Structures are given as C-alpha cells and as structure tokens.
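Chain and residue survey
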Amino acid sequence: MSIPPALRFSGIVCVDGGHLFGPVEVEAQAGRWTCLLGPSGVGKSTILRLIAGLGAEFEFDGEITASDGHPLPPRVMMMAQDDLVMPWLDVIGNVTLGARLRGERPDHARAREVLRRVGLKDFERRRPETLSGGQRQRVALARTLMEDRPVVLLDEPFSALDARTRARMQDMTFDVLEGRTVLLVTHDVAEAARLGHKILLMTQAGMTAVSPPEADPPRPLDAPETLSTQGALLRQLMEAA
Amino acid sequence: MRRIVRIAAVTLLAVGLWQLLVTATGLPKFILPGPMLVARTLWESRAVLAEHTIVTAAEVLIGLGLGAVLGGVSAVGLAASPVARALVRPMLVFSQAIPVFALAPVLTLWLGYGLWSKIAMALLIIYFPVTSAFFDALMRTPQAWLDMAQVMRARPARVMWHIRIPAALPGFASGLRLAAVYAPIGAIIGEWVGASRGLGYLMLLANGRAKIDLMFAALIVLAVFTLALHAAVDRGCRTALDRYGAPRAPA
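Residues numbered from 1 in each chain as written. Chains lettered and ligands numbered in written order. Predicted model: local features only at pLDDT ≥ 70, side-chain atom pairs only at ≥ 80, totals over all residues.

It is worth spelling out the overall build of chain A at this point. Each helix and strand in chain A was counted, giving eight helices and nine strands. Rg of the C-alpha trace for chain A: 18 Å, near the compact-globule value of 18 Å for 241 residues, within the 12% margin. In terms of its C-alpha atoms, chain A occupies a principal-axis envelope of roughly 50 × 45 × 30 Å. Counting across all 241 residues of chain A, residues that qualify as buried make up 44%. At a minimum sequence separation of 6, the contacts of chain A that also span at least 24 residues come to 70%. (Helix = DSSP H or I, 4+ residues; strand = E, 2+ residues; numbered from the N terminus. Rg over C-alpha atoms; globule rule 2.2 N^0.38 Å. Buried ≥ 20, exposed ≤ 12 C-beta atoms within 10 Å, placed from the backbone. Contact = placed C-beta atoms within 7 Å.)

Here's what the structure looks like:
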C-alpha cells in the first residue's frame, strides 16, 4: 500500500441539467476516519461515487484532489451497505475476485491471511448463501483489504446489520483499515460519534464540521462523551431539517 | 405423489372429454377416432412409431444443442459489443418478422431431405428466444456489481466472463426452457415440407391414407416427447444453476 493521501472534494453536482446539491466541500485527513453524516437523499453517496471515479450520470463542476497530486480513482476501494458478494463464488473466490477481474494471479496465501484477520479462517470454501449478513459483510471487508488501496470509501456498510453485529463490525473495520484514509458515509449519529476523527454534517443547508469527542476512535459505545456527541449531532440534524 | 395424482386426474378428464365428444357427435373413426382406438394403434404400431420418434428426437436434440451454443455465443457477442448491437440487433428483430414456416421449403431445397434441413429449422426457431433471453439478462447485470468491478480496475472481457455471464445464466436457462418446447415444432415443420422419416412425416402419411388413429397416435407421442424434453431441460437447468450457485430468479 502506498502512503495514504488526504483528499478534498469541492463542487456542485447536477443531474440532467438540474441542480442536485452543492457547492459543498469535503476534506478527509490522511490516514484518518472522516464521517460524512446526513439524512438520506442529501447527496452523501454521490460524493463517494464521484471520488471513486463513478457517477458518470452526474454532471460535476468542481475538483477532487489528493494531497500528493496523483489521481485518486486507482487508489480507492469502496464498500457499501450491499455486500456485493457473488453468489456463485465461494468465500475465497469472492475475496480474490479483483485479481481475476484484472487478469492477475490471485494470491491465495494473502487471501487466507486476510480472511484470518476478519475472523473467517475456516470459511474459505463456504458458499455465500450459507453465511449470515454479518459474515457476508466480513467477506466484503476482506475483499476490500485484499485490494490494499490507501483510500477506502465506506457507504453505510453497517446499516443493514443488527446492533450487536454492527458494533463488532465497526471495531473490526476500524482495526483492519488502520492507517488508511477512510471516508465513511452514514446516517447513524452513533456511528459517526464512535468512529470519526472528524465529523461532517451534510444537510440541504450545506456542510458543517462538528467537533468529535476527544478520545481516539473507536470510542466506547456508552462513554458519556460519545453519548453527548451523539445527542448534539442528532439535535443539529433535526434543526437543519 | 400429489403431482402424479394431479397429472393422472387431468389426463383422465381430457380422455373422458374426448370420448364424450366422439360419442356425442357420432363422427366416424376416420374423422375423429376415440381414445381406445388410438390407444390400441399406439400399442400395435409401436415399432413404427419408435423408429420415427428416434429420427425426430435426433433432429430436435441436435437442433437444440446447436441453437443453445449459437444463441449463447451471439448473446455474449451482442452484449460485449455496442457496434454488434447497432448492426446485428435490428437484423435479428427483422428476421423474426419472416415466418419460419415460409423458410422451410427453401431450407429443404438447400439442405436436402435428410436430417440437416430439419435441424436447421429447429435451430432457426429457437435461436431467437435463446439469444434474446440470454442477451436481456446480460444487459441487466446489477449496476452495483459493475461499479465495483470498475473500482477494481477490471478489464471489460473479464467482467463479462466473471460477472455478467454468471449473473445472466438464469436468463439463459429460461431461453433454453422455451427452446425445448419450440424445437420440436421446427423439426415437425421441416418434416412436413419434405422428409421420408420422422413423426411429422408419419403424421402426413397417416393423414393422407385416412389412418387418423395413427395420426393421433403420432401426435400423442410427439406431445409426450415435447413435455418430457421440457421437463428434462427444466430439471437440468435447475440442478446446474443450484450447483453453480447462480442467482435464483432471472437477474
């Protein structure tokens, strides 16, 4: 993995000539977690798609830059709410899919190591339909790690999980993505309060930076500071709407 | 078990209605033979029927195999290349405006009276359903999968092979199920136009000689064969898709 850059997104997004949102500005610090919090439909996912080099259906007027000046898309990996696990491939087949799609030789030894890190050591040959939602999301995390990109964009990857699985998945993801530049889109105030080195609140009115708790993430779910930030975030979210 | 009972009940009802029609109208047996007479003919002419069934079955199976391969390759080609789509697709649709029946005499002229003109008919009749069912499925790959592939810097040919084709296999299977029903129609039309063997030929021959009972017997054999073929293809597709782990419903 190359050295993770900071990234900056700023601009206006239109679709079919109609104004969608913006101007907005998002800055993610190098090697840290930036949480982009906001209600559904405000354009958070669109920002991620544009950073990843997707979203050809949007007209984007602005710039997306990395602090080192190199192009971003080849250094970005995405993980979404839908685990996007291919039902016809077993776990290791899914984790090594990227290599096969690029015509490279899949590195099975590394894939096994990555699976061990996400706690799926003995699941290599399992079919996706035999896995729980949380396990499938860990397959997606392993696939993301396998790509070994310095920038990781997370689009509500935990929102379909039950509360306990979600909290564990947050800890595990935070741990394995250590040192990468992470931009997490979420509509869950608790998630933002737990995980963000930096928290950005995006509403129709625009972008506001909210100061996170002082402790380093991942913060305990029940720490008073985490809870009060959660409350403050929710209040701002309500007031903006 | 319940299924067998249901099939038996439906068959019994159909045969009963048939007999009722014969009794009520009093039509002579060279116009409408009763089920008993047809059953007897079915048994007594079993050797002749078997001989002709083998010929028709061979035409249908070869046609089906070739149609599946050709349809599969065409669908992938069309899905992979926008140029092919722009050029070939209108031609394909236009070709559907020509009734395949009308082509039968020409095919017989070109390919002779043997197996190949019938195989060609079967192939022509199933080519479009197979191609279009598979093609449609190939064009409906979930966008999120394609996006992920793009983020992974995938090569288009590999996306086709590793994502689009596997995801579209249920569509291909629906095409094959349709083809299993259509292919016998193609072979029979081919045999009507010119043949010296096959169930279609036997039907024409029996009809011409007022052996309507034999005509009906051949028709029943054909129907049973078609149903069996459809059931076999359906089960084969299901088993293959399950083992492969393809998405259940057409994507």
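For the rest of this paragraph, the subject is the interface of chain A and chain B. Contacts between the two partners involve 19 residues from chain A and, on the opposite side, 19 residues from chain B. Mapped onto the side of chain A that touches chain B, the elements with two or more residues apiece are strand 5 (76–80) and helix 3 (97–102) of chain A. In terms of residue count, helix 3 of chain A provides more of the side of chain A that touches chain B than any other element does, five residues in total. In the side of chain A that touches chain B, the residues fall into twelve nonpolar, two polar and five charged. (Nonpolar A, V, L, I, M, F, W, Y, C, P; charged D, E, K, R; others polar.)

Parsing chain B into structural domains produces domain 1 (1–28) and domain 2 (33–244). Here the C-alpha centre of domain 2 of chain B lies 30 Å away from the C-alpha centre of domain 1 of chain B. (Domains from an automatic or database assignment.)

On to the sheet that holds strand 1 (residues 7–15) of chain A. All names here are of chain A. Pairing within the open sheet is antiparallel, and its three strands lie in the order 2-1-4. Each edge of the sheet is formed by a strand with only one pairing partner; in this case those strands are strand 2 (18–28) and strand 4 (59–66). For this sheet, the mean angle separating the axes of adjacent strands, direction not counted, is 5°. Two strands pair when backbone bridges link them, and strand 1 and strand 2 are joined in this way by eight bridges, in the antiparallel orientation. (Pairing = 2+ DSSP bridges. Axes fitted to C-alpha atoms, helices over the stretch in contact; angles between N-to-C directions.)

Residue and element names in this part refer to chain B. When the pLDDT values of chain B are averaged, the result is 92; 98% of them are 70 or greater. When the elements of chain B are averaged for pLDDT, helix 5 (residues 100–111) gives the smallest value, 88, and helix 3 (residues 46–80) the largest, 96. In the model output, the complex is listed with pTM 0.87 alongside ipTM 0.91. (pLDDT = per-residue confidence, 0-100.)

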